[in-house]
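In case you want the letters, here they are:
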Amino acid sequence: GLDRPIVLGHSIHGSIALGYAAAHPERVRGVALVDTPPPTGDTPLLQLQTEFAMRDASPERLAAHERNQATRRIPTSLDTTQDFVDLYVSNDAMAWYDPTFDGTAFWEGIEINLPVYWQMYTPGGFGESPVPATDLPAFLAVGRYSYGVPYYLWDEPKQRLANLSYHLYERS
């Protein structure tokens, strides 16, 4: 019942928002993507994240990440919401401007629908969908220190967004 809303997605949900906007441009006014990973082709995102972090992160950030990995619970599989949250916050030093920040409180009361989450990452899922060409207004926000979404991976795909406002947040 909304009259052409702007659709927004954070992280992988940005791929859903962009896919919907490209498929139904008559139904939306624009799209906003926040820290959304672009498709990475044949190279797994985890590999690109790790390479970027090793090349770019400060010694202090790498040390904070090592501390988190040594002191926080890291599940061997993601079977529950708590497994997801524990794995996510074990990587906080690679997600926040302040590498000592603990994002655990953000997850309080949140339930992760793991079957849907896994479906998004199956072959051919949203994590692999190419960025569609569109002239809809688009806003893309990425954080300079979000090693989970290396900002430079957007250099090529953002060229397909003809009406793009792009912001690289230097302290995010």
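Preceding this section is the structure that the text describes.
Positions within a chain are numbered from 1, following the residues in the order the chain's sequence is written. Under the rules for a predicted model, residues below a pLDDT of 70 receive no local features and side-chain atom pairs below 80 are neither given nor counted, while totals for whole chains, interfaces and linings still include all residues. For side-chain calculations, the full set of non-hydrogen atoms in the structure is used, while hydrogens and water are omitted.

Undergrad: Give me the overall build of the chain: which residues, what numbers.
TA: By the criteria applied, helices consist of DSSP H or I runs no shorter than four residues and strands consist of E runs no shorter than two, each listed in order from the N terminus. For the chain, the count of helices and strands is five helices and four strands. Starting at the N terminus and walking to the C terminus, you meet the elements of the chain as β-α-β-α-α-α-α-β-β. To get the radius of gyration, use the C-alpha atoms; to get the globule rule, take the number of residues to the power 0.38 and multiply by 2.2 Å. Here the chain has a C-alpha radius of gyration of 17 Å; the compact-globule value for 172 residues is 16 Å, and the two agree. Projected onto its principal axes, the C-alpha coordinates of the chain cover approximately 50 × 30 × 30 Å. Exposure is judged per residue with a 1.4 Å probe applied to protein chains only, and the accessible area is read against the type maximum: over 50% gives exposed, under 20% gives buried, and values in between give partly exposed. Expressed as a percentage of the 172 residues in the chain, the buried residues total 37%. Nonlocal contacts in the chain, meaning residues at least 24 apart in sequence, comprise 68% of its contacts between residues at least 6 apart. With the model as given, the accessible surface of the chain reaches about 10,000 Å², and the carbon-plus-sulfur share is 56%. The contact criterion used throughout is that any non-hydrogen atoms of two residues lie within 4.5 Å. Methods summary: accessible areas were calculated by the Shrake-Rupley approach with a probe of 1.4 Å, and residue burial reflects only the protein chains presented.

Undergrad: Can you explain unusual backbone geometry? Please cite residues and give values.
TA: Look at R4: it is not a glycine, yet its phi comes out positive at around 50 degrees. Tracing the backbone through its elements, the reader meets R4 in the segment before β1 (6–10).

Undergrad: Residue-level account of the packing of aromatic side chains, with values.
TA: Two rings from Phe, Tyr or Trp (for Trp, the six-membered ring) form a pair when their centres sit within 6.5 Å of each other. Planes less than 30 degrees apart are called stacked, planes more than 60 degrees apart edge-to-face, and all others tilted. Enumeration according to the criterion identifies 14 aromatic pairs in this entry. Between the aromatic rings of F52 and Y151, the centroid separation amounts to 5.7 Å while the plane-to-plane angle is 75 degrees, which identifies the pairing as edge-to-face. With a gap of 99 residues between them, F52 in helix α2 (residues 45–56) and Y151 in the loop between β3 (134–143) and β4 (161–169) connect regions that are remote in the sequence. Measuring from ring centre to ring centre gives 5.8 Å for F101 and F106, while their planes differ by 35 degrees; the resulting arrangement is tilted. Ring pairing ties together the aromatic residues F52, Y97, Y145, Y147, Y151 and Y152, which thus form one cluster.

Undergrad: Outline α2, supporting the account with residue identities and numerical values.
TA: Helical geometry note: an α-helix holds 3.6 residues per turn, so side chains three or four residues apart project in the same direction. With 12 residues, α2 should cover 16 Å at 1.5 Å per step; its first-to-last C-alpha distance of 16 Å lies within 8% of that length. In this structure, the buried residues of α2 make contact with α3 (59–71). A helix is expected to reach a length of 1.5 Å times the quantity of its residues less one.

Undergrad: Outline the sheet that holds β1, supporting the account with residue identities and numerical values.
TA: If DSSP finds at least two bridges between two strands, the strands pair. The strand order β1-β2-β3-β4 describes an open sheet built from four strands, whose pairing is parallel. Each of the sheet's edge strands pairs with one partner strand only, and the pair in question is β1 and β4. For this sheet, the mean angle separating the axes of adjacent strands, direction not counted, is 15 degrees. In terms of strand pairing, strand β2 (residues 30–34) meets β3 through four bridges, oriented parallel. Its bridge partner being in β3, L33 is matched across the sheet by L140. Those strands touched by helix α1 (residues 12–23) are β1, β2, β3 and β4, and its axis lies near 155 degrees from that of β1. Every axis corresponds to a line fitted to the C-alpha atoms, with the helix fit spanning only the stretch in contact, and the corresponding angles, defined between N-to-C directions, vary from 0 to 180 degrees.

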